[in-house]
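Each chain, written out:
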Amino acid sequence: MPEPTSDATADEGAAADDDTETAPEVPSIDLPSDAFDAVLDALDGRDPNDPLRFEGFSVARDDGGYVLDPADGDRQTGVSERELHEALDERAPAVTDWYAFERVVGEFGPRRAFLRWLEDADGATVATRYAALAEGIERAWGELKITATVTDRGERRYDVRHADDAGVPVDELDRYDDPLDARELVKLDEKGRYRPLKTAPSLADGWVFPDLGPRDAYEAVEAIYPATVANWHREREGELDVSHWRETMERQSGIYGVVKTWDRGEGHEHVDWVAEACCDDSQCLKRREWQYDDETDLDVDGGDGAFPCREPCSVVVSAARKWTRLESERPRTYEFELTPSEKEQVEDIIDAVADGRIDEIREADTKEGANRYRTRFLRAKRFDDEGNLGGVPTEPDETGDEE
Amino acid sequence: MQSLVIVAHGSHLNPGSSAPTYDHADTIRATGAFDEVKTGFWKEEPHFREVLRTVEGDEIYVVPLFVSEGYFTEQVIPRELRLDGWDVSEWDSDGLSADQATLVAEDIDREVHYCGPVGTHRAMSDVIVRRAESVTGDPDVGEGFGLAVVGHGTERNENSAKAIEYHADRIAERDRFDEVRALYMDEEPEVDDLPEFFESDDVVLVPLFIADGYHTQEDIPEDVGLCEDHTEGYDVPTEVDGTRIWYAGAVGTEPLMADVILERAADAGADLGTALDDVRETTRVATGD
């Protein structure tokens with residue numbers, strides 16, 4: 001189960017420094033003119049009593065020019081534009097950090113929080129973050145590996161790829177630059193089967209977005225795992241709106257309206273089974289936060305995913321509709337004859353299908369109960385011409401031959 | 001900041017279901033008329049329930065990529081988007097005239113302009129005609145041709161037939177095609193008997209569906225007799241009982257659909273600049289061979 005790294009790991013591909021005791025070096029940054037212009041723009045017309053704050057200093061406008069106020073030094077007044085440029089260039093990491101988040105990333109909460117989290121889970125200083133970014137900060141998001149770096153102009157760049165492709169050179173992967181291309185990458189699994197659930201752990205590998213800017217990195221993640229960042233952000237803000245099973249099923253209408261009748265006030269074991277079937281980490285990377293209702297937790301684990309699942313999804317609702325109908329049947333007693341090995345084989349087959357293992361079972365591996373030859377043998381021996389197990393009709397009044 | 005949200009059905013089973021939605025979103029994105037263009041689905045992700053929280057803008061236009069007014073546009077979408085105070089009377093529609101309603105979406109506590117479906121917009125008639133041009137490869141197709149506009153009948157949705165008739169009537173009034181008929185899958189006149197309803201040797205069959213899927217790729221081709229079994233495929237045109245049928249597939253896949261989405265947003269007050277003209281131009285059928 002992929003999990004976000006708890007702290008910035010910045011070891012991969014690092015230029016090996018013999019002295020491992022030394023803190024990583026802050027890269028040398030040249031102040032780009034767009035960042036400087038953005039500062040001038042921000043100061044233009046700004047109240048002189050409301051300085052623009054950067055890490056370690058602030059800048060304000062005054063009559064004769066600018067005021068520079070370093071936290072660790074003397075306040076300088078009457079600073080010319082040229083002198084201001086010089087001063088900001090000396091503090092280029094702090095200025096480009098301000099520019100990256102205030103001007104490039106922008107205000108939108110989920111995007112800003114996510115990009116911030118990518119490089120700064122713990123409120124680190126600019127120097128610490130830039131030093132880590134210089135070597136590459138890696139984060140996991142579902143099956144993705146996202147590596148954030150910084151250029152010598154203080155711009156953030158992101159490499160987004162499948163975690164299984166960690167360490168693979170870019171030119172050995174299919175390269176993409178438009179984040180919307182990710183919509184095609186998520187459509188089919190590696191066997192070419194349609195993925196109706198984008199957070200299923202079946203993302204195909206072999207591709208890379210090697211050089212995205214901040215907004216495009218967010219858009220790529222959004223295309224691969226839609227709305228996961230928005231929900232993660234709400235959760236971090238303590239505002240995740242969870243809709244539990246009961247209220248979600250009560251809301252359904254049309255062909256799904258029937259699902260609410262499955263809740264008969266006899267407990268929630270049926271919903272435990274649904275969650276075990278559909279919401280386990282082996283089936284979906286979202287961490288299930290919804291329960292039976294707001295007072296009754298389900299008895300199965302919600303998983304360890306980085307991003308939350310706030311209500312039963314459409315795949316679960318559709319499957320629940322089927323189960324509502326199937327589970328309205330009363331159990332019956334059937335009598336079959338099976339050898340002990342045949343009983344175990346039936347169990348093996350169910351396990352293999354449920355765990356998605358059938359493709360792994362080798363053609364000649366007859367030790368496996370779910371092996372195809374073994375299964376065909378069982379069918380040949382135990383099914384009658386109508387496909388009835390043990391020759392026992394499903395309906396008790398059915399006979400082997402039609403009247 | 002102006003945002004467009006296109007909401008569509010999507011599918012758990014058919015990987016191609018979302019393709020027209022994405023394609024039209026891309027066409028509109030390229031015009032630059034909106035600061036952002038998002039897509040949301042009933043059966044895919046982001047779901048209707050969660051799409052609005054991915055939207056950044058404060059002028060939000062939601063356009064349903066559905067063919068008619070009915071269950072989805074009147075109940076499911078407003079409920080799942082959590083449009084506060086929604087009532088179908090907001091649209092004051094006769095089944096064809098829904099334009100827009102401005103309501104607060106509780107999910108984001110911001111107003112959204114909830115538009116009528118694309119299928120009932122007058123511009124949809126142009127898309128049906130454009131679809132006929134595309135499938136025949138003739139930008140002037142009409143003379144010597146019949147046009148069949150096909151949809152579900154009333155069994156599934158009483159407004160479905162209204163939309164089909166509306167467009168068939170409007171196109172007939174233009175006197176471009178020799179004959180125009182509305183045909184249905186589950187009521188009279190039935191698409192199964194298409195050759196009986198036309199005198200023309202050539203008939204373009206345009207199904208009023210958003211995406212290709214079971215109905216347009218399996219049901220209709222088999223019912224009309226284009227093939228015995230859809231897995232065999234069929235030619236365009238295919239002759240059935242003396243009528244050459246030019247089967248167009250789902251009209252919703254026609255690039256000009258992007259225009260109808262824009263029209264819906266414009267009717268609701270979106271500022272589009274030259275986007276409508278741009279889309280009509282970029283989606284045009286090439287002239288000549």
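Residues numbered from 1 in each chain as written. Chains lettered and ligands numbered in written order. Predicted model: local features only at pLDDT ≥ 70, side-chain atom pairs only at ≥ 80, totals over all residues.

**Q** What's the story with the overall build of chain A in this structure? I'm lost.
**A** Within chain A one finds 13 helices and eleven strands. Taken against the 2.2 N^0.38 rule, which gives 22 Å for 403 residues, the C-alpha radius of gyration of chain A at 29 Å runs more than 25% over that of a compact globule. Based on the C-alpha atoms only, the size of chain A along its principal axes is roughly 105 × 50 × 35 Å. Taken across its 403 residues, chain A has 30% of its residues classed as buried. (Helix = DSSP H or I, 4+ residues; strand = E, 2+ residues; numbered from the N terminus. Rg over C-alpha atoms; globule rule 2.2 N^0.38 Å. Buried ≥ 20, exposed ≤ 12 C-beta atoms within 10 Å, placed from the backbone.)

**Q** How should the domain arrangement of chain A be read in this particular structure?
**A** Interface size is often expressed as the accessible area that is lost when the parts come together. Domain annotation for chain A reports domain 1 (33–97), domain 2 (107–233) and domain 3 (241–326). Each of domain 1 of chain A and domain 3 of chain A was reduced to a C-alpha centroid, and the two centroids are 54 Å apart. (Domains from an automatic or database assignment.)

**Q** Hey, could you run me through the nonpolar core in this one?
**A** What tends to happen in soluble globular proteins is that the nonpolar side chains get buried as a cluster. Residues Leu205(B) and Val206(B) are the most contacted members of the largest nonpolar core, which totals 92 residues. With sequence-adjacent residues up to four places away left out, Val206(B) is seen in contact with Ile128(B), Arg131(B), Ala132(B), Leu147(B), Ala148(B), Val149(B), Val150(B), Ala248(B) and Val251(B). Judged by nonpolar contacts, the second largest core, of 53 residues, contains Phe54(A), Leu88(A), Ala132(A) and Phe307(A). (Core = buried A, V, L, I, M, F, W, Y, C linked by C-beta atoms within 7 Å. Contact = placed C-beta atoms within 7 Å.)

**Q** Would you explain the interface of chain B and chain A in this entry?
**A** Contacts between the two partners involve 16 residues from chain B and, on the opposite side, 19 residues from chain A. Within the residue set of the side of chain B that touches chain A, elements represented by two or more residues are helix H2 (48–51) and helix H3 (71–81) of chain B. No other element matches the three residues that H3(B) contributes to the side of chain B that touches chain A. Of the residues assigned to the side of chain B that touches chain A, the class counts are five nonpolar, four polar and seven charged. (Nonpolar A, V, L, I, M, F, W, Y, C, P; charged D, E, K, R; others polar.)

**Q** Is there a simple way to explain the sheet that holds strand S7 (residues 179–184) of chain B in this structure?
**A** Two modes of strand pairing occur in sheets, parallel and antiparallel, and in both the strands are linked by backbone hydrogen bonds. Residue and element names in this part refer to chain B. Strands sit in the order S7-S6-S8-S10-S9 across an open sheet of five strands; the sheet is mixed. Either end of the sheet is taken by a strand with one partner, and the two such strands are S7 and strand S9 (238–240). The sheet shows a mean angle of 30° between the axes of neighbouring strands, taken without regard to direction. Pairing between S9 and strand S10 (residues 243–247): three bridges, direction antiparallel. Counterpart to Thr238 in the pairing with S10 is Ile245. Relative to the sheet, helix H6 (residues 214–224) contacts strand S6 (145–151), strand S8 (202–207), S9 and S10, its axis offset from that of S8 by approximately 145°. (Pairing = 2+ DSSP bridges. Axes fitted to C-alpha atoms, helices over the stretch in contact; angles between N-to-C directions.)

**Q** I tried to follow the domain arrangement of chain B on my own but got confused; where do I start?
**A** Residue and element names in this part refer to chain B. Segmenting chain B into domains produces domain 1 (2–120 + 254–282) and domain 2 (123–253). Taken over C-alpha atoms, the centre of domain 1 sits 26 Å from the centre of domain 2. Contacts between the two partners involve 26 residues from domain 1, matched on the other side by 23 residues from domain 2. Within the residue set of the side of domain 1 that touches domain 2, elements represented by two or more residues are helix H1 (19–31) and helix H7 (257–267). Tallying contributions element by element places H7 first for the side of domain 1 that touches domain 2, with four residues.

**Q** It is not clear to me how the environment of Val180(B) should be interpreted in this structure. Could you clarify?
**A** Residue and element names in this part refer to chain B. Topologically, Val180 is positioned in strand S7. Its 24 C-beta neighbours within 10 Å are what place Val180 among the buried residues. Spatially, the C-alpha atoms of Val180 and His167 are 9.7 Å apart, while their sequence positions differ by 13 residues. Val180 has contacts with Leu147, Ala168, Ile171 and Ala172, leaving out every residue within four places of it along the chain.

**Q** Where do I start with the sheet that holds strand S1 (residues 52–54) of chain A in this structure?
**A** Residue and element names in this part refer to chain A. If you walk across this open sheet you meet the four strands as S1-S2-S3-S4, and the pairing is antiparallel. Edge positions in the sheet fall to S1 and strand S4 (76–79), since each of these pairs with one other strand and no more. Averaged over all neighbouring strand pairs, the angle between strand axes comes to 25°, with direction disregarded. Contacts from helix H2 (residues 81–90) reach strand S2 (57–62), strand S3 (65–70) and S4, with the element oriented near 25° to S3.

**Q** Just checking my understanding: could you explain helix H11 (residues 314–326) of chain A for this structure?
**A** Every α-helix winds through 3.6 residues per turn, so residues three or four apart in the chain are directed the same way. Residues and elements named next belong to chain A. Taking 1.5 Å per residue, 13 residues should reach 18 Å; H11 reaches 19 Å between its end C-alpha atoms and fits that length. Within H11, the full set of buried residues consists of Ser314, Val315, Val316 and Ala320. Contacts made by the buried residues of H11 are with helix H10 (269–278). (Expected span 1.5 Å × (residues − 1).)

**Q** What exactly am I supposed to notice about unusual backbone geometry here?
**A** Note: most residues except glycine have negative phi, and most peptide bonds are trans. A cis amide bond links Glu45(B) with the next residue in sequence, Pro46(B), at an omega value of 0°. Cis geometry marks the peptide bond from Glu188(B) to Pro189(B); its omega dihedral reads -15°. Relative to the helices and strands, Pro189(B) resides in the loop between S7 and S8. Even without a glycine there, the phi angle at Ala227(A) is positive, about 65°. As for its placement among the helices and strands, Ala227(A) is situated in the loop between helix H7 (214–224) and helix H8 (228–236). Given 23 C-beta atoms within 10 Å, Ala227(A) falls into the buried group.

**Q** I tried to follow the pairing of S2(A) on my own but got confused; where do I start?
**A** Two faces make up the sheet, and in a regular strand the side chains alternate between them. Residue and element names in this part refer to chain A. The pairing of S1 with S2 spans three bridges and is antiparallel. When the sheet's bridge partners are listed, Leu52 is paired in S2 with Val59. The turn linking S1 back onto S2 is made up of two residues, and Gly56 within it adopts a positive phi angle of 95°. Note that S2 and S3 share six bridges and pair antiparallel. Within S3, the position partnered with Ala60 by the bridge is Val67.

**Q** Sorry, what's going on with the confidence of the model for chain A here?
**A** Detailed reading of the predicted coordinates is not advisable wherever pLDDT is low. Of the residues in chain A, 93% reach a pLDDT of 70 or more, and the chain-wide mean stands at 92. Note that pLDDT drops below 50 for residues 1–19 of chain A; the model gives that stretch 31 contacts with residues more than four away or on any other chain. (pLDDT = per-residue confidence, 0-100.)

**Q** Help me understand the confidence of the model for chain B in this model?
**A** Confidence in the prediction for chain B averages 94 pLDDT; 98% of positions are at 70 or higher. Quick note on the complex model: pTM equals 0.93, ipTM equals 0.93.

**Q** How do you make sense of the pairing of S6(B) when you look at a structure like this?
**A** All names here are of chain B. Taken across its seven residues, S6 has seven buried, putting it largely inside the fold. Burial along S6 is two-sided: the residues Phe145, Leu147, Val149 and Gly151 and Gly146, Ala148 and Val150 are all buried. Direction of pairing for S6 relative to S8: parallel, over a ladder of six bridges. Paired with Ala148 across the strands is Leu205, a residue of S8.

**Q** Could you clarify how one ought to interpret the packing of helix H3 (residues 92–105) of chain A against helix H5 (residues 126–135) of chain A in this entry?
**A** Each packed pair of helices is defined by two parameters, the angle between the axes and the distance between the axes. Residues and elements named next belong to chain A. Where H3 contacts H5, the two axes come as close as 10 Å, and the packing angle between them is 85°. By the angle class used here, H3 and H5 are roughly perpendicular. Note on element contacts: H5 touches H3 through Val126, Ala127 and Tyr130, opposite Pro93, Ala94 and Asp97. Partitioning the contact of H3 with H5 into residue classes produces five nonpolar, no polar and one charged. (Parallel < 35°, antiparallel > 145°, perpendicular 65-115°, else oblique.)

**Q** Teacher, can you tell me more about the environment of Leu194(B) here?
**A** Residue and element names in this part refer to chain B. On the secondary structure map, Leu194 appears in the loop between S7 and S8. Distance from Leu194 to Leu256, taken between C-alpha atoms, is 26 Å for residues 62 residues apart in sequence. The contact partners of Leu194, leaving out residues within four places of it in the chain, are Ala148, Leu183, Val203, Leu205, Val224, Thr243 and Ile245.

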